[in-house]
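Chain and residue survey
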Amino acid sequence: MNKRDFVRTMGGGAAAMVFGPDINALFASYAHVPAGELAQDAQFWATMRTKFKLTPNYINLENGYYCFQPEEVLDQFIGHVRSINVEASHYMRTTRLEDKARVAGKLAEMLGCSPKEVIITRNTTESLDTVVSGYDWKPGDEAVMANQDYGAMIDQFRLVARRYGMVNKFVDVPLHPKSDEEVVQIYADAITPRTRLLMVCHIINITGHILPIAKISDMAHARGVDVMVDGAHAVAHFEYKIPDLRCDYYGSSLHKWLSAPLGSGMLYVKEDKIASLWPVFSEFRRADTDILKLNHTGTHPCHTDLGIENAIAFHQAIGGARKEARLRYIQQYWTSRVRGTPKIVLNTPVDPSRSCGVANVGIEGMTPADVAKTLLDKYKIFTVAINGNGVHGVRVSPQIYTSTAELDAFVKALKEMAA
Ligand SMILES: Cc1ncc(COP(=O)(O)O)c(C=O)c1O
């Protein structure tokens with residue numbers, strides 16, 4: 001294969017742009033290795049690990065909050081900070097909006113939507129709270145969500161309940177469902193003739209459980225209910241296109257699995273739903289049907305918008321399917337070594353298609369806080385304790401730089417603690 005062919009196979013020009021010639025040679029030798037096989041290739045992932053600057057102080061198994069940028073992407077981001085610092089107002093008054101539209105267009109392309117349906121936000125909170133606040137709620141209107149949803153969004157629903165007299169209904173998502181239909185039915189049972197909006201996590205952040213969104217959307221739409229998906233942990237974690245989920249609204253944080261600069265997110269609003277949403281910050285010069293009416297947050301750090309483009313290039317150079325396969329492989333690597341061990345409780349479904357990189361583990365007889373503290377103090381392993389909504393354990397979120405040696409150390413620590 002010639003050089004042009006392998007660069008194209010591994011992600012086209014993106015690979016050339018993000019990685020130097022040394023890494024292109026590595027990609028060339030792996031160009032035709034299927035994702036599932038590559039997931040287990042220690043040499044390939046050891047090279048990817050060199051792309052990140054890691055702290056020597058602990059093994060970081062808590063990338064779900066924020067996964068820092070790889071060094072090359074960070075350098076490009078710092079370059080944007082520097083050049084905007086020089087161009088300053090001139091940049092703001094000339095190409096800023098054009099640049100933002102171009103990057104939003106790349107996000108839209110990556111997620112399979114029209115550029116008319118996607119805006120760049122600061123995070124999932126801004127994205128989804130914009131939708132919740134943008135509804136024209138009437139007293140007695142209802143929304144359905146789960147106790148396992150993220151607190152910030154639930155709080156926003158509580159705020160609109162106080163303000164407009166709408167009503168929130170909560171369901172519990174089982175830790176180990178037997179089928180998609182079981183999950184769909186739980187949401188269906190909470191819908192009444194007053195229900196207008198259903199919020200559902202694409203992947204529940206505390207357990208790593210991936211939910212059957214398309215089936216939930218079909219069920220809700222059949223009952224006249226809109227669907228808003230919390231995809232905070234989904235973009236660049238596993239592969240999908242938003243239209244295939246058949247939802248109406250979708251929000252994500254790009255500083256999580258895409259490793260984009262801190263404070264970057266996206267909002268998708270299905271084209272025919274834009275007109276009826278009220279903006280949080282007014283932008284009355286725009287048509288009601290223009291999604292940019294939801295994007296007026298004043299002057300903000302727009303170098304972050306530019307950094308998203310570099311993060312997308314890095315992600316696409318590796319390949320979304322390859323990354324998904326690696327993340328699922330390393331989660332299964334450690335969970336399969338502790339599942340069934342006395343006193344070790346896994347709070348993530350066993351079926352590999354119902355999770356990807358994230359999982360949650362508890363130890364009987366220890367509080368989640370004690371497990372997290374012992375892991376950090378004694379074993380120098382950083383995780384986060386989760387204690388509530390039926391989940392008692394630590395959330396474990398490795399990244400593509402995580403080595404199996406680190407996971408061996410984690411497995412050993414868990415077994416010692418359980419014993
Ligand atoms: C499921 C879920 N939704 C929303 C958020 C909020 O993300 P952000 O703080 O980036 O807005 C998080 C953060 O971890 C999350 O896990």
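Located above this text is the structure these notes cover.
Calculation rules
Residues numbered from 1 in each chain as written. Predicted model: local features only at pLDDT ≥ 70, side-chain atom pairs only at ≥ 80, totals over all residues. Near = placed C-beta within 6 Å. Nonpolar A, V, L, I, M, F, W, Y, C, P; charged D, E, K, R; others polar. Axes fitted to C-alpha atoms, helices over the stretch in contact; angles between N-to-C directions. Helix = DSSP H or I, 4+ residues; strand = E, 2+ residues; numbered from the N terminus. Parallel < 35°, antiparallel > 145°, perpendicular 65-115°, else oblique. Left-handed = near helix turned anticlockwise from the far one by under 90°. Contact = placed C-beta atoms within 7 Å. Pairing = 2+ DSSP bridges.

Inspection of the region around the ligand gives Tyr65, Asn123, Thr124, Thr125, Tyr150, Ala152, Cys201, Asn205, Asp230, Ala232, His233 and Ser253 as its neighbouring residues. Class assignment of the residues belonging to the shell around the ligand gives a composition of five nonpolar, six polar and one charged.

As a further point, take the packing of helix α6 (residues 71-93) against helix α13 (residues 303-318). Between α6 and α13, the least distance of the axes is 9 Å, while the angle of their chain directions is 155°. For the element pair α6 / α13, the angle class is roughly antiparallel. In this structure, α6 meets α13 at a crossing whose hand is right-handed. Together, Glu72, Val73, Gln76, Phe77, His80, Val81 and Ile84 of α6 and His303, Leu306, Gly307, Asn310, Ala311 and Phe314 of α13 make up the contact between the two elements. Tallied by class, residues from the contact of α6 with α13 come to seven nonpolar, five polar and one charged.

In this section: the sheet that holds strand β5 (residues 195-201). Spatially, β2-β8-β7-β6-β5-β3-β4 is the arrangement adopted by the seven strands of the open sheet, whose pairing is mixed. Of all strands in the sheet, those bounded by a partner on one side alone are β2 (118-121) and β4 (167-171). Mean inter-strand twist for the sheet, computed between neighbouring axes without regard to direction, equals 20°. One ladder, built from five bridges, connects strand β7 (residues 249-253) with strand β8 (residues 265-269); its direction is antiparallel. Following the sheet pairing, Gly251 is matched in β8 by Leu267. Contacts between helix α9 (residues 151-164) and the sheet are confined to β3 (142-146), β4, β5 and β6 (226-230), with β4 contributing the most and set at about 150° to the helix. Each of β3, β4 and β5 touches helix α10 (residues 180-190); the most contacted strand, β4, lies at about 155° to it.

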